[in-house]
Every structure is written in C-alpha cells, then in structure tokens.
Amino acid sequence: MKKVAFIISFFLLIYSFSQPIKVTFAQNIIAQNNSNDQVIKNAFNQKISNIQVQNQGGVIKLLKDDLDGGKHQRFILKFNSGQTVLIAHNIDLAPRINNLKVGDIVSFYGEYEWNSQGGVVHWTHKDPQGKHPHGWLKHKGKTYQ
C-alpha cells in the first residue's frame, strides 16, 4: 500500500511541475475568469441547467425587480467571452445591492439555469434550510448572501 501511495505521489509531483505557472495575480484572475466563462458558455451551448457556477462580469443592464412570488433583484452581466447571463438575486432572503450601476463588476456563485437568452443564475443567497449550496454576490468588496 505504501508503494502505491509513493508511486501516485511521485506522478502527481511530476504532473504539477509540468503545468504552466501563472506569473502574476492579475493573470490568475484572467485565466480563472476565462475558465469560468467557458463553463457557462458550454452549459449554454449544451442547454444544461442546475449546475453551480462561479464567475464575474460587468453589469450591462439593470432590470426592474421581479415581485411575483419571492422578490428578486435582476440585472444582466456580460463576461469576457461576450456571453451574458441574467442574475436573479432573491431579496427576500438576502440584501439587495442598492448602489449597483451599469459598468460595475459583480462576482457571483449560484445555480445556472439554461434559457435561450444566455441563462439565469439564481440561488445567490444562503439556503435557510441548508439543503442547497449557499450562493453569494460580491460587489465593491461587500458580500451579499
């Protein structure tokens, strides 16, 4: 058993040294965002729903709150890839972003649902029953969940 663990560790070590190293923090953010953009783009192209996603984008449009059923703050984000997504943030369960403006950058973690316009991200809040992964929004250094 020790021999197998050693062999696995050895190959993992070799693999880690063969991977490119990102030089700066800014490059890491760009690389991560491009990777996250690709996950959402693939989900959109393949019409996949119910997946947890994390990314950030620029606000390109502020929409009226959805007041049917649970109240949701709604806005559209655009990613580096050009993909857009609607954020539907439940403001019955989490604070709204009051000072949100077109051009602001918003990071998020939530559940992606496919639709023909690019998709919707919701569950950007804590689940009061603890059965769903907790989501969040981040805007100007503040977390909303």
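Before reading on, note that the structure itself is shown above.
Cut-offs and rules
- Residues numbered from 1 in each chain as written.
- Predicted model: local features only at pLDDT ≥ 70, side-chain atom pairs only at ≥ 80, totals over all residues.
- Heavy atoms only, no water.
- Buried < 20%, exposed > 50% of the residue type's maximum accessible area, 1.4 Å probe, protein only.
- Helix = DSSP H or I, 4+ residues; strand = E, 2+ residues; numbered from the N terminus.
- Pairing = 2+ DSSP bridges.
- Core = buried A, V, L, I, M, F, W, Y, C linked by side-chain atoms within 4.5 Å.
- Contact = heavy atoms within 4.5 Å.
- Salt bridge = Lys/Arg side-chain N within 4 Å of Asp/Glu carboxyl O.
- Phe/Tyr/Trp six-rings, centres within 6.5 Å; stacked < 30°, edge-to-face > 60°.

Q: In this structure, what is going on with the pairing of strand β3 (residues 84-90)? I would like to understand it.
A: In terms of burial, β3 is a largely internal element, 6 of the 7 residues being buried. Hairpin connection, strand β2 (residues 72-78) to β3: the antiparallel pair is bridged by 5 residues, and Gly 82 has positive phi, about 95 degrees. Relative to strand β5 (residues 120-122), β3 is paired through 2 bridges, and the arrangement is parallel. Within the sheet, the bridge partner assigned to Ile 87 lies in β5 and is Val 121.

Q: Looking at this model, I keep getting lost on the nonpolar core. Mind explaining?
A: A general trend in soluble globular proteins is that nonpolar side chains are found buried together. One finds Phe 75, Leu 77, Ile 87, Phe 108 and Leu 137 to be the most contacted residues of the largest nonpolar core, which totals 17 residues. Looking at this core, the elements with two or more residues in it are α2 (25-45), β1 (51-66), β2, β3 and β4 (105-113). Element by element, the count of residues in this core is highest for β4, at 3 residues. Excluding residues that lie within four positions of it along the chain, Ile 87 makes contacts with Gln 73, Arg 74, Phe 75, Leu 77, Phe 108, Val 121 and Leu 137.

Q: How do you make sense of the pattern of salt bridges when you look at a structure like this?
A: Once the charged atoms of two side chains with opposite charge are near each other, the side chains can pair. For the structure on display, the rule yields 1 salt bridge. Arg 96 is the salt-bridge partner of Asp 65, the closest N and O atoms lying 2.6 Å from each other. In this pair, Asp 65 sits in strand β1 while Arg 96 sits in the loop between β3 and β4, placing the two residues 31 residues apart along the sequence. When its relative accessible area of 30% is taken as the criterion, Arg 96 is described as partly exposed.

Q: Can you walk me through the packing of aromatic side chains in this structure?
A: Two numbers describe a pair of aromatic rings. These are the distance of the centres and the angle of the planes. For the structure shown, the criterion picks out 3 aromatic pairs. On the basis of an interplanar angle of 35 degrees and a centroid distance of 6.0 Å, the ring pair of Phe 79 and Phe 108 is categorised as tilted. Taken as a pair, Phe 79 in the loop between β2 and β3 and Phe 108 in strand β4 lie far apart in primary sequence, 29 residues in all. For Phe 108, a relative accessible area of 0% gives the class buried.

Q: Before we go on, may I ask you to explain the environment of Ile 40 in this structure?
A: Inspection of the secondary structure assignment puts Ile 40 in helix α2. You can call Ile 40 buried: its relative accessible area is 0%. In this structure, the C-alpha to C-alpha distance between Ile 40 and Val 53, residues 13 residues apart in sequence, is 7.2 Å. With residues near it in sequence (within four places) discarded, Ile 40 still touches Val 53, Asn 55, Phe 79, Gln 83, Phe 108 and Tyr 112.

Q: When you look at the pairing of β4 in this model, what are you seeing that I'm missing?
A: Consecutive side chains of a regular strand alternate in pointing toward one face of the sheet and then the other. Where β1 meets β4, 8 bridges bridge the pair, whose relative direction is antiparallel. Residue pairing for β4: Val 53 is matched across the bridge by Gly 110. Both β4 and strand β6 (residues 136-139) contribute to a ladder of 4 bridges, which runs antiparallel. The residue of β6 that forms the bridge with Ser 107 is Lys 138. Across 3 bridges, β4 lies against β5 in antiparallel orientation. In the strand pairing of β5, Tyr 112 is matched with Val 121. Here β4 folds back onto β5, and the loop between the two strands holds 6 residues, one of which, Gly 118, carries a positive phi near 130 degrees.

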